[in-house]
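Each chain, letter by letter, is given below.
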Amino acid sequence: MQATLVDFGNDSVVYNITGGSREELENKLNLFFSSEGLPLKSDNGDEKVFQKGNKTLRVLLGVFVKYFRVAVTIKQQDQLFSVRILRDMSLVLSGGLIGINKSRAEFNRISEAFKAYFK
């Protein structure tokens, strides 16, 4: 499978992936995010949510509790898959300004690891 970066921003990255089936892509996504410490939280067909940490404790205790959430959307057009990775965190869930910087750094690290994983 080959991934090509199509679009990126502070909170999302879009890759076009070719060279495999949908099942292979979903398996590789699950393996990648599990290896990064983000187990699958929910799977609604084309949208998957990977999350680590406790949301309630993060809201109560802020940046002192680890919490990170990523939403992955898959769109298919013939043999081309468009995969959008979104840092799915609000200001409250980020833990304030310090938490926003930490979650953006974590998102950047994950998106770089994702690109390397699919090469």
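Parameters at a glance
- Residues numbered from 1 in each chain as written.
- Predicted model: local features only at pLDDT ≥ 70, side-chain atom pairs only at ≥ 80, totals over all residues.
- Heavy atoms only, no water.
- Phe/Tyr/Trp six-rings, centres within 6.5 Å; stacked < 30°, edge-to-face > 60°.
- Helix = DSSP H or I, 4+ residues; strand = E, 2+ residues; numbered from the N terminus.
- Buried < 20%, exposed > 50% of the residue type's maximum accessible area, 1.4 Å probe, protein only.
- Lys NZ or Arg CZ within 6 Å of the ring centre and 35° of its normal.
- Polar contact = N/O pair within 3.5 Å; in protein donor to acceptor, adjacent residues only side chain to side chain.

Draft legend 1. The packing of aromatic side chains, seen in detail. Going through the model one piece at a time under the given rule, you end up with 8 aromatic pairs. With a centroid separation of 5.4 Å and 80 degrees between ring planes, the pair formed by Phe32 and Phe114 is classed as edge-to-face. Of this pair, Phe32 sits in helix α1 (residues 22-35) while Phe114 is found in helix α4 (residues 96-117), placing the two residues 82 residues apart along the sequence. The residues Phe32 and Phe114 share a single accessibility class, namely buried. Between Phe33 and Phe50, the aromatic rings sit 4.4 Å apart at their centres with planes inclined by 20 degrees, giving stacked as the arrangement. Here Phe50 lies in strand β4 (residues 47-53) and Phe33 lies in helix α1, a separation of 17 residues in the sequence. The buried category is assigned to Phe33, whose relative accessible area is 0%. Directly above the aromatic system of Tyr117 lies the positively charged group of Lys28, at a separation of 5.2 Å from the ring centroid.

Draft legend 2. Examining the side chain of Arg87 more closely. As for its placement among the helices and strands, Arg87 is situated in strand β6 (residues 80-87). For Arg87, a relative accessible area of 5% translates into the label buried. For Arg87, the side chain forms a polar contact with the side chain of Asp11, separated by 2.7 Å. Polar contacts involving the side chain of Arg87 include one to the side chain of Ser103, which spans 2.7 Å.

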